[in-house]
Amino acid sequence: MAVKKVSLACTICGTRNYMIAKKADRTVRLEVKKFCKICGKHTLHKESM
Ligand SMILES: [Zn+2]
């Protein structure tokens, strides 16, 4: 199965903090709470290309 690499960007400052592997057949946009070192706290991160 095809796996595509996507990055997760902080929705507050826009920094791409995480790289994750995602299955290509998943069309849902990922939204995850992750720690952002720029913001210094947990923020919502969204999938970006
Ligand atoms: Zn941030």
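Residues numbered from 1 in each chain as written. Predicted model: local features only at pLDDT ≥ 70, side-chain atom pairs only at ≥ 80, totals over all residues.

K.L.:
Is there a simple way to think about the overall build of the chain in this case?
P.N.:
Secondary structure assignment for the chain yields zero helices and four strands. Along the chain, helices and strands appear, N-terminal first, in the series β-β-β-β. C-alpha extents for the chain along the principal axes are approximately 35 × 15 × 15 Å. Here the chain holds 49 residues, and the buried ones make up 8% of them. Relative to all contacts within the chain whose residues are 6 or more apart in sequence, the contacts with residues 24 or more apart total 40%. (Helix = DSSP H or I, 4+ residues; strand = E, 2+ residues; numbered from the N terminus. Buried ≥ 20, exposed ≤ 12 C-beta atoms within 10 Å, placed from the backbone. Contact = placed C-beta atoms within 7 Å.)

K.L.:
I would appreciate a short explanation of the pairing of strand E1 (residues 3-10) in the present structure.
P.N.:
Taken residue by residue, a regular strand's side chains alternate between the two faces of the sheet. Pairing of E1 with strand E2 (residues 16-23), which is carried by seven bridges, proceeds in the antiparallel orientation. Paired with Val3 across the bridge in E2 is Lys23. From the end of E1 to the start of E2, which pair antiparallel, there are five residues, and Gly14 there has a positive phi angle of about 85°. Judged from the four bridges that link them, E1 and strand E4 (residues 41-48) form a sheet pairing that is antiparallel. Residue Leu8 lies in a different strand from E4, and its bridge partner there is Glu47. (Pairing = 2+ DSSP bridges.)

K.L.:
Is there a simple way to think about the pairing of E4 in this case?
P.N.:
Judged from the six bridges that link them, strand E3 (residues 31-36) and E4 form a sheet pairing that is antiparallel. Its bridge partner lying in E4, Lys33 is registered against Leu44. As consecutive antiparallel partners, E3 and E4 are separated by four residues, and within that stretch Gly40 has a phi angle of approximately 75°, a positive value.

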